[in-house]
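# Structure at a glance
Below are the chains, spelled out letter by letter.
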Amino acid sequence: MTDLTITRPDDWHLHLRDGATLKAVLPHTVRQFARAIVMPNLKPPVRSVADATAYRDRILAVIPPGQTFEPLMTLYLTDNTSPDEIMAAQATSFIKAVKYYPAGATTNSDSGVTDMRNCDRVFEAMQQVDMPLLLHGEVTDAGVDMFDREKVFIHQHLIPLKERYPQLRVVLEHVTTADAVEFVNATDRMAATITPQHLLFSRNILFQGGLRPHYYCLPILKRETHRQALLQAATSGNPKFFLGTDSAPHARGDKESACGCAGCFSALHAIELYAEAFESVDALDKLEGFASFYGPDFYQLPRNTEQITLTKTPWQIPDAVPLGTTELVPLRAGEKLSWQMA
Ligand SMILES: NC(=O)N[C@@H](CC(=O)O)C(=O)O
Ligand SMILES: [Zn+2]
Ligand SMILES: [Zn+2]
C-alpha cells in the first residue's frame, strides 16, 4: 500500500503544557488531530472548572490562524476535589473527564491522590453523571519494582475500584503490559489508550548502545512480550483500545540530565509513527478505527467527518524542534520514518 486515507484522528491523551511550550507544540497536534484530551498536570494543576476554562482559553488563543482544533479539558483529581466541582464540570460543554494521578507517580503529580478512598464521594458523583475517570495506573511504593507498577496498580487499586463503582467509565491511560490488556478486555465500561512508543519499542531501546533518555517515559517501556500484546490489542479492531499519544514535551536539558524527566515528545509525527506500528503487523486497515472512531465513541462525541491522507514517502525525523532558547527532541529523532501525512 502506498497511500492511506482515513477520517481525521483525535488524540485522547496529550500534554500541551502552557506559555511558550504550548505555543511551540500545539501546531504539530493541530496539523494531524481535530481534538485532544488535554492533560491537567500543569504547575499548579488544573483543579477547578475555573482553571480549566482559563487554560482552554489560553489554548484557543494560540491555535494557528485558519486552523481548527477542539481542546477537550480534564480536571486534576486531588484528595480535596469536591463532588460539586464534578457537577459543575459536567455542566460545561468542554470538560470531558477527570484525571487521577497517584501522588508522586509521574511528572507534576505532587498534588495527586494519596489514597483512592479519599475520593469515594467524587467517584460516586462521576458515576452518577457518567463522567469518565482517566488513570495514570501505577503504584508509587518504592518497594515495588519499576516494571511491575502497572500490574500491581491493577490488582491493588483498579480491581477494587471497579468492584465498588461498576458503572463508572474508566480509561487506563498509556497501557504498557499484557496484564493491562487482559484486564481491560475482561472488564465492562473500561477502555485504554496506547502510545506510539509502547507500540514501537520494548525496554531494550532504553539501553541500545548507551543510556537513551529520550525513550524514558512513564509507565516505563516493558519487555517485548508486552509490546506484542499491545500491538495485538491496538490492531485487533476492539473499540476498547484507542489512540492517546501521551506526547509529553520536556526541554532537551531536562531530559539529558543526571535526573532526567519522564516523557516522550511525539506530537510532531504521531500519526505517522502509529502508521508504521500498524504496518509492521500488516494491519493498516485497522488504523482508522483505533485513531478516529473508538475514542469519540467512548467519549460519546461525534466522529470527525474530514479526512487525512498518509503516503509512503520516507522522510527524516529532525534532530530537534526549536523551543525558545532551547529545543525539544522528538521521538526517534534523526531516524527515517516511512509514512508522511500529506
Ligand atoms: N508520560 C510521562 O512520562 N510523562 C508525562 C506524565 C504522564 O503521563 O505520566 C508528563 O507530563 O511529562
Ligand atoms: Zn501518566
Ligand atoms: Zn501523560
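Residues numbered from 1 in each chain as written. Chains lettered and ligands numbered in written order. Predicted model: local features only at pLDDT ≥ 70, side-chain atom pairs only at ≥ 80, totals over all residues. Heavy atoms only, no water.

### What to know about the coordination of the zinc ion (ligand 2)
Bound to the zinc ion (ligand 2) are the protein donor atoms His 136 (ND1) and His 174 (NE2), situated 2.0 to 2.1 Å from the metal. The coordination sphere of the zinc ion (ligand 2) comprises four donor atoms, whose angles at the metal cover 55 to 147 degrees; the geometry is irregular. Metal-to-metal, the separation of the zinc ion (ligand 2) and the zinc ion (ligand 3) is 3.8 Å. Taken as a pair, His 136 in the loop between strand 6 (133-135) and helix 5 (149-164) and His 174 in the loop between strand 7 (170-172) and helix 6 (178-186) lie far apart in primary sequence, 38 residues in all. For His 136, a relative accessible area of 1% puts it in the buried group. (Donors = N, O, S within 2.8 Å, 3.2 Å for Na, K, Ca; no water. Tetrahedral: all angles 85-135°; square planar, octahedral: opposite > 155°, others 65-115°. Helix = DSSP H or I, 4+ residues; strand = E, 2+ residues; numbered from the N terminus. Buried < 20%, exposed > 50% of the residue type's maximum accessible area, 1.4 Å probe, protein only.)

### Side note on the site of ligand 1
Neighbouring ligand 1 are 15 residues; Arg 17, Thr 106, Leu 218, Asp 246 and His 250 lie closest to it. Measuring from an oxygen atom of ligand 1, one finds a side-chain N or O atom of Thr 106 at 2.8 Å. Contact between ligand 1 and Asp 246: a nitrogen atom at 2.7 Å from a side-chain N or O atom of the residue. Surface burial for ligand 1 is 100%, taken as the share of its 320 Å² of free accessible area covered by protein chains. (Near = heavy atom within 4 Å. Polar contact = N/O pair within 3.5 Å; in protein donor to acceptor, adjacent residues only side chain to side chain. Areas by Shrake-Rupley, 256 points an atom, 1.4 Å probe, with all protein chains shown as cover.)

### A short note on the pairing of strand 3 (residues 35-38)
Residue alternation in strand 3 divides its side chains into two sets, Arg 35 and Ile 37 and Ala 36 and Val 38, and both sets are buried. Summarising the sheet, strand 2 (residues 11-14) and strand 3 pair through two bridges and their orientation is parallel. Counted as the bridge partner of Leu 14 is Val 38 from strand 3. Following the chain from strand 2 across helix 1 (residues 19-32) to the adjacent parallel strand 3, one finds a crossover that is right-handed. Pairing of strand 3 with strand 4 (residues 70-76), which is carried by four bridges, proceeds in the parallel orientation. Bridging from a neighbouring strand, Arg 35 pairs with Glu 70 of strand 4. In the classification by handedness, the crossover that spans strand 3, the intervening helix 2 (residues 49-60) and the parallel strand 4 is right-handed. (Pairing = 2+ DSSP bridges. Right-handed = clockwise from strand over helix to strand, strands pointing away.)

### Here we look at the UniProt feature "modified residue: N6-carboxylysine" (unreviewed entry) in the protein
UniProt feature "modified residue: N6-carboxylysine" (unreviewed entry): in the numbering of this structure it lies at Lys 99. Within the secondary structure, Lys 99 is located in strand 5 (residues 95-100). With near-sequence residues (within four places) excluded, Lys 99 lies in contact with His 13, Met 39, Pro 40, Leu 75, Tyr 76, Leu 77, Leu 134, Leu 135, His 136 and Glu 173. (UniProt positions renumbered as here; feature names shortened; annotations may be inferred. Contact = heavy atoms within 4.5 Å.)

### Things to note about the sheet that holds strand 10 (residues 307-316)
In a beta sheet, neighbouring strands pair by backbone hydrogen bonds and run either parallel or antiparallel. Read across the sheet, three strands follow the order 1-10-13 without closing on themselves; strand pairing throughout is antiparallel. Both outer strands of the open sheet, strand 1 (3-7) and strand 13 (336-341), are each paired with one neighbouring strand and no more. Going from strand to strand, the sheet's axes swing by 35 degrees on average, the running direction of each strand aside. Of the pairings in the sheet, the one linking strand 10 to strand 13 comprises five bridges and is antiparallel in character. (Axes fitted to C-alpha atoms, helices over the stretch in contact; angles between N-to-C directions.)

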